[in-house]
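The residues making up each chain are set out below.
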Amino acid sequence: MTIRVVVADDQELVRGGFAMILSAQPDIEVVAEAGDGAAALEAVRAHAPDVVLLDIRMPRMDGIEAARAVCAETDTKVVMLTTFDQDDYVYEALHAGASGFLLKDVRRDDLVHAVRVVVAGDSLLAPSVARRLVSDFTSRGTVAPSALLDTLTARERETLVLLGRGLSNAEIAAELVVSEHTVKTHVSSVLSKLGLRDRIQAVICAYETGLIAPGS
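Predicted model, so just to flag it, every value in this text is computed and none were measured.

Thresholds applied
- Residues numbered from 1 in each chain as written.
- Predicted model: local features only at pLDDT ≥ 70, side-chain atom pairs only at ≥ 80, totals over all residues.
- Heavy atoms only, no water.
- Salt bridge = Lys/Arg side-chain N within 4 Å of Asp/Glu carboxyl O.
- Helix = DSSP H or I, 4+ residues; strand = E, 2+ residues; numbered from the N terminus.
- Buried < 20%, exposed > 50% of the residue type's maximum accessible area, 1.4 Å probe, protein only.
- Contact = heavy atoms within 4.5 Å.
- Axes fitted to C-alpha atoms, helices over the stretch in contact; angles between N-to-C directions.
- Parallel < 35°, antiparallel > 145°, perpendicular 65-115°, else oblique.
- Left-handed = near helix turned anticlockwise from the far one by under 90°.
- Nonpolar A, V, L, I, M, F, W, Y, C, P; charged D, E, K, R; others polar.
- Pairing = 2+ DSSP bridges.
- Right-handed = clockwise from strand over helix to strand, strands pointing away.

Undergrad: Is there a simple way to explain the pattern of salt bridges in this structure?
TA: Two side chains carrying opposite charge are able to pair once their charged atoms lie near each other. This model, assessed by the stated rule, comprises nine salt bridges. The salt bridge involving R45 is made with E73; its shortest N-O contact spans 2.8 Å. With R45 in helix α2 (residues 37–47) and E73 in helix α3 (residues 63–73), this residue pair connects regions lying 28 residues apart in the sequence. Relative accessible area serves as the criterion here: at 46%, E73 is assigned to the partly exposed category. A cluster of three or more residues bridged by salt bridges with shared partners is formed by D9, D55 and K104.

If you want it as structure tokens, here you go:
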């Protein structure tokens, strides 16, 4: 399967560099480039790519607003690219529905890996961003548990806790002593019942509802 990608960044050299790296992969096709958020949204609507890479700071429409529209209107996965790793950007991007958040100094191999990971249904954060995210949850505490958690079975709650700890399907399967296929079923059910787009939103949910505490 060929992964179709739109690259959006207001810096032509950066945009072209990412496009060149991705286009060199046999399983990835860059179907469009965009220099601002509005053009990125138009490209997504026109080409229906599997993934769109969005710079956060762009003219006309910033990456956060574009991500929110893309996630609301389409099934295209969003990976945010930025030189900034402030917490506010992370939260806004993830709550907008982004499946990944990478800094622009990402290595070539990690950029390619990010695209493949989100298409496979997983999520990712740059390590520095992930550390800041967990640290901030520690400082602000958690909110009251969501009533939606009551819709989960005991095994689904266990799965959500393990998702919150960042475990892969294989690791969750080993922890619960079940098959990876069973884990995929549990993960899918958790996302569906809680109205979550992907695993990264499940991680956020696990922390925000107090189901899992940082460091646990």
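Undergrad: Looking at this structure, how should I read the side chain of D9?
TA: Within the secondary structure, D9 sits in the loop between β1 (3–8) and α1 (12–23). Excluding anything up to four places from it in sequence, D9 contacts V14, R15, A34, G35, D55, M58 and K104.

Undergrad: Honestly, the packing of α2 against α3 in this entry has me stumped. Any pointers?
TA: Each pair of packed helices gets described by two things: the angle between the helix axes and the distance between those axes. Interhelical geometry of α2 versus α3 gives an angle of 15° and a closest axis separation of 9 Å. Considered as vectors, α2 and α3 are oriented roughly parallel to each other. When you trace α2 past α3, the crossing you get is right-handed. Listed contacts from α3 to G37, L41, V44 and R45 of α2 are A66, A69, V70 and E73. The class makeup of the residues in the contact of α2 with α3 is five nonpolar, one polar and two charged.

Undergrad: What is the right way to read the pairing of β1 from this model?
TA: Successive side chains on a regular strand alternate, one facing one side of the sheet and the next facing the other. Of all six residues in β1, five are buried, a share of seventy percent or more. As judged from the six bridges shared by β1 and strand β2 (residues 28–34), these two strands associate in the parallel manner. Counted as the bridge partner of R4 is E29 from β2. Tracing the backbone out of β1, into α1 and back to the parallel element β2 gives a crossover that is right-handed. Bridge analysis of β1 against strand β3 (residues 51–55) gives four bridges, and the strand direction is parallel. Of the residues in β3, the one forming a bridge with V5 is V51.

Undergrad: Explain the environment of I28 to me, please; I cannot follow it from the model alone.
TA: Within the fold, I28 resides in strand β2. Overall, I28 belongs to the buried group, its relative accessible area being 5%. C-alpha separation for the pair I28 and V115, spaced 87 residues apart in sequence, amounts to 8.8 Å. Setting aside chain neighbours within four positions, we find I28 in contact with T2, I3, V5, L22, S23, V112, V115 and R116.

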